[in-house]
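For reference, the chains in residue letters:
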Amino acid sequence: MQSWSHKPWIREVAIAVMLKAVILIGGPQKGTRFRPLSFEVPKPLFPVAGVPMIQHHIEACAQVPGMQEILLIGFYQPDEPLTRFLEAAQQEFNLPVRYLQEFAPLGTGGGLYHFRDQILAGGPEAFFVLNADVCSDFPLSAMLAAHRHQPHPFLLLGTTANRTQSLNYGCIVENPQTHEVLHYVEKPSTFVSDIINCGIYLFSPEALKPLRDVFQRNQQNGRLSALYASRLYLGQYQFTHPERLAKHSPGGPRIRGNVYIHPTAKVAPSAVLGPNVSIGEGVTVGEGVRLRESIVLHGATLQEHTCVLHSIVGWGSTVGRWARVEGTPNDPNPNDPRAHMDSESLFKDGKLLPAITILGCRVRIPAEVLILNSIVLPHKELSRSFTNQIIL
């Protein structure tokens, strides 16, 4: 791990190099904490801030000068949605984007070593490795600049966490002068360091030789907060894709903060949206609806005067008039750049902990009820209010 504070190196990135990127997308046996949403779509294709989760990774990789190919490695079957996404990504970014399917879940080191010939084909100077469930601003050019300034077999991106949170991640002990990694422990039982692994790496080709002995497990067991990821990417759109953010206009809905609305969505002019709201394709938002810190997925309907806060509304779901769907925020303070998520269990003492509310696919919520801190599995038609429950 290197420091990037000396800006003169950054100009070196413009030197012609041949680079690749590998995105580790895992497989259907992962993402248990992402249910019931993962029942309907592979976790890497879940829409965050209006686009599939891994599109943010691909966009960041495509902006690095010298990027020649992006490889996805995972254990998902190459089904129609994944194939369509890959074809669209290749056209949009004008880069080869290929999926390499593992014969079995191999982990980070195993997957890279198994596909080493494809990764090293063409002789890349270096290659990035990103975990698909990482939410980041992806300072890839700065990582490349640091690597070129002081080459090492591999460089990893770290951040800080508090003593309790650090136990849930890979912990790094660094040389404070050189920022070299002195010691690394995956999910230690006692405190080791407040510097944790972000799951973003830059490798030199020679690093693949001992790789299978270095990494034993991957980073895909961490919990993704889709709402926190959506908030981060919507904020980045201010600088990277301002055209994706909704603007307040006469006769349109009231927009507060960063909001994404798919062009096919129908939003009533009296609705109030934001901050940090993402509305998907074909969604209907009725008169007087209040949406805040939420994701509304393809084909959902929010009837008149519903209130949806800190929640995810699944594909084709309906929330009735004057109903309230609300969760309890469990993600970091958005005003603290060093804040990190707690990786708590869903349960404590046999009870569901307060968290965001998730409505699965084609759930129907009746009028004038409250759904608070609950998870509703797909195709359920509720008849009353629920609090802190999983509705099977």
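In short, a report on the structure. Remember, predicted model here, so these are calculated numbers, not experimental data.

1. A short note on the overall build of the chain
The helix and strand tally for the chain stands at eight helices and 31 strands. By residue count, 51% of the 392 residues in the chain fall in the buried class. Excluding contacts between residues fewer than 6 apart, the proportion of contacts in the chain whose partners are at least 24 apart in sequence is 56%. When the accessible surface of the chain is totalled, it reaches about 17700 Å², and 52% of it is carbon and sulfur.

2. Structural notes on the nonpolar core
Phe-46, Ile-70, Phe-128 and Leu-140 are the most contacted members of the largest nonpolar core, which has 58 residues in total. In contact with Phe-128, other than residues within four places in its own chain, are Lys-20, Ala-21, Val-22, Val-64, Met-67, Leu-140, Met-143, Leu-144, Tyr-201 and Leu-202. In terms of nonpolar packing, the next biggest core, distinct from the first, is built from 29 residues, Ile-255, Val-259, Val-285 and Leu-359 among them.

3. Overview of unusual backbone geometry
The omega angle of the peptide bond from Gly-274 to Pro-275 is 0°, so this bond is cis rather than trans. Following the sequence through the fold, Pro-275 ends up in the loop between strand 14 (272-273) and strand 15 (277-279). Positive phi, normally seen in glycine, also occurs at Trp-322, with a value near 60°. Secondary-structure assignment places Trp-322 in the loop between strand 22 (318-319) and strand 23 (324-326). Look at His-379: it is not a glycine, yet its phi comes out positive at around 65°. Assignment of secondary structure puts His-379 in the loop between strand 29 (375-376) and strand 30 (386-387). Classification of His-379 as exposed rests on a relative accessible area of 53%.

4. Concerning empty space enclosed by the protein
By the definition in use, this model includes two cavities of 30 Å³ or more. Here the second largest cavity defines a volume of roughly 30 Å³. Forming the walls of the second largest cavity are 10 residues, and the residues nearest its centre are Met-53, Val-134, Cys-135, Ala-229 and Tyr-233. Counting residues per element, the ones that place at least two in the lining of the second largest cavity are helix 1 (53-62) and helix 8 (226-240). Partitioned by chemical class, the residues of the lining of the second largest cavity number eight nonpolar, one polar and one charged.

5. Concerning the pairing of strand 4 (residues 67-74)
With respect to burial, strand 4 is a largely interior element, seven of its eight residues being buried. Relative to strand 4, strand 1 (residues 19-26) is paired through seven bridges, and the arrangement is parallel. Considered in strand 4, the bridge of Leu-24 is made with Ile-73. In this structure, strand 4 lies alongside strand 5 (residues 97-101), joined through five bridges in parallel fashion. Note on strand 5: the bridge partner recorded for Leu-72 is Tyr-99.

6. Some points on the packing of aromatic side chains
Across all of its chains, the model carries four aromatic pairs by this definition. Taking 6.1 Å as the distance between ring centres and 90° as the angle between the ring planes, the aromatic pair formed by Phe-46 and Trp-315 counts as edge-to-face. Of this pair, Phe-46 sits in the loop between strand 1 and strand 2 (47-48) while Trp-315 is found in the loop between strand 21 (311-313) and strand 22, placing the two residues 269 residues apart along the sequence. Residue class for Phe-46 comes out buried when judged on its relative accessible area of 0%. Through a chain of ring-to-ring contacts, the aromatic side chains of Phe-127, Phe-154, Tyr-201 and Phe-203 assemble into a single cluster.

7. Focus on the sheet that holds strand 31 (residues 390-391)
Taken together, seven strands build an open sheet; the order of strands is 12-15-18-21-26-29-31 and the sheet is parallel. Each edge of the open sheet carries a strand with a single partner, namely strand 12 (259-261) and strand 31. Alignment of strand 26 (residues 357-359) against strand 29, held across two bridges, turns out to be parallel. Paired with Ile-358 across the bridge in strand 29 is Ile-375. Contacts from helix 8 reach strand 12, strand 15, strand 18 (294-296) and strand 21, with the element oriented near 95° to strand 18.

8. Section: the layout of surface pockets
Approximately 640 Å³ is the volume attributed to the second largest pocket. Forming the boundary of the second largest pocket are 27 residues, of which Leu-45, Pro-47, Val-51, Pro-52 and Glu-281 lie nearest the centre. Mapped by element, the contributors of at least two residues to the lining of the second largest pocket are strand 3 (51-52), helix 2 (80-93), strand 15 and strand 18. Among the elements that make up the lining of the second largest pocket, the one with the highest residue count is helix 2 (six residues).

9. Quick notes on the environment of Glu-326
In this structure, Glu-326 sits in strand 23. In this structure the C-alpha to C-alpha distance between Glu-326 and Ile-312, which are 14 residues apart in sequence, comes to 9.3 Å. Glu-326 has contacts with Leu-309, Ser-311, Thr-357, Ile-371, Leu-372 and Asn-373, leaving out every residue within four places of it along the chain.

Rules used in this analysis
Residues numbered from 1 in each chain as written. Predicted model: local features only at pLDDT ≥ 70, side-chain atom pairs only at ≥ 80, totals over all residues. Heavy atoms only, no water. Helix = DSSP H or I, 4+ residues; strand = E, 2+ residues; numbered from the N terminus. Buried < 20%, exposed > 50% of the residue type's maximum accessible area, 1.4 Å probe, protein only. Contact = heavy atoms within 4.5 Å. Areas by Shrake-Rupley, 256 points an atom, 1.4 Å probe, with all protein chains shown as cover. Core = buried A, V, L, I, M, F, W, Y, C linked by side-chain atoms within 4.5 Å. 1 Å grid on protein atoms, 1.4 Å probe; cavity = no way out; pocket = protein on both sides within 12 Å on 5 of 7 lines; lining within 4 Å. Points joined across faces, edges and corners; volume = space filled by probe spheres on them. Nonpolar A, V, L, I, M, F, W, Y, C, P; charged D, E, K, R; others polar. Pairing = 2+ DSSP bridges. Phe/Tyr/Trp six-rings, centres within 6.5 Å; stacked < 30°, edge-to-face > 60°. Axes fitted to C-alpha atoms, helices over the stretch in contact; angles between N-to-C directions.

Coordinates in, geometry out; function isn't part of it.
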